[in-house]
Amino acid sequence: MRADAVFNMFAGIMLQFYLSGLLKLLGWPTAETRVYALVLGSALIGLSLMVWAGSRRPPRAREILIISIITHLLAGLSILYEVFIVGIDLPSPWLLPAAVGVQVLFVLGQAYYLLMAHPANAYGD
C-alpha cells in the first residue's frame, strides 16, 4: 500500500506542478488545457494520502482499499481506452501502458489483502 501511495504521490506532484519535461519522460501526454493535469494531480495526491493513511492500519482500511481499487481500475481502463482505442499521441508508446501495469500490480496486492483479511477482526472485534 505504501508503494502505491508513493507512486501516486510522485505522479500527482508531477501533474500538479505541470512539470512538462518530466511528464514527457514519464510518457504522459501534454494537456491542451493545464487545468486538467492540475486537477488530476490534486486527485492523485488525495488518493496517495488516503492510501498512505490506510497503510498505517490495514485491518481497519477495508473501505479505503475498496475505493483505491475502484479508482485504479477506472483510471487504468480510461488510459488503456485512450491509448489503444482512441489512439492518442504519446511521447513514448510504452511508458503510460507500463504505468497501468504497475497500477494493476498494486490493485492485485490490495485485492489479495482484502480477500485474506478476516472481516471479524477488521474493526477490532
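Just above sits the structure.
Predicted model only: the values in this text are computed from it and were never measured.

With that settled, the discussion passes to the overall build of the protein chain. Across its full length, the protein chain carries 5 helices and 0 strands. Reading the protein chain from its N end, one meets helices and strands in the order α-α-α-α-α. With respect to the three principal axes, the spread of C-alpha positions in the protein chain is 50 × 30 × 20 Å. Carbon and sulfur atoms provide 70% of the accessible area of the protein chain, an area that totals close to 7800 Å².

Looking now at the packing of aromatic side chains. Evaluated as defined, the whole model comprises 1 aromatic pair. Across from the ring centre of Trp 52, 5.2 Å away, lies the NZ or CZ of Arg 2, which sits over that ring.

Okay, the packing of helix 1 (residues 2-16) against helix 3 (residues 34-56) next. Two numbers describe how helix 1 lies on helix 3: the axes approach to 7 Å, and their chain directions differ by 160 degrees. When the axes of helix 1 and helix 3 are compared, the pair comes out roughly antiparallel. Here helix 1 runs over helix 3; the crossing is left-handed.

Here we take up the nonpolar core. Residues Met 14, Leu 15, Tyr 18, Leu 23, Ala 37 and Leu 44 constitute the largest nonpolar core, which totals 6 residues. For Leu 15, the contacting residues outside a window of four places in its chain are Leu 23, Trp 28, Ala 37, Leu 38, Leu 40, Gly 41 and Leu 44. Membership of the second largest hydrophobic core comes to 5 residues, among which are Ile 79, Leu 90, Leu 96 and Val 100.

Cut-offs and rules
Residues numbered from 1 in each chain as written. Predicted model: local features only at pLDDT ≥ 70, side-chain atom pairs only at ≥ 80, totals over all residues. Heavy atoms only, no water. Helix = DSSP H or I, 4+ residues; strand = E, 2+ residues; numbered from the N terminus. Areas by Shrake-Rupley, 256 points an atom, 1.4 Å probe, with all protein chains shown as cover. Phe/Tyr/Trp six-rings, centres within 6.5 Å; stacked < 30°, edge-to-face > 60°. Lys NZ or Arg CZ within 6 Å of the ring centre and 35° of its normal. Axes fitted to C-alpha atoms, helices over the stretch in contact; angles between N-to-C directions. Parallel < 35°, antiparallel > 145°, perpendicular 65-115°, else oblique. Left-handed = near helix turned anticlockwise from the far one by under 90°. Core = buried A, V, L, I, M, F, W, Y, C linked by side-chain atoms within 4.5 Å. Buried < 20%, exposed > 50% of the residue type's maximum accessible area, 1.4 Å probe, protein only. Contact = heavy atoms within 4.5 Å.

Function cannot be inferred from these measures alone, as they are strictly geometric.
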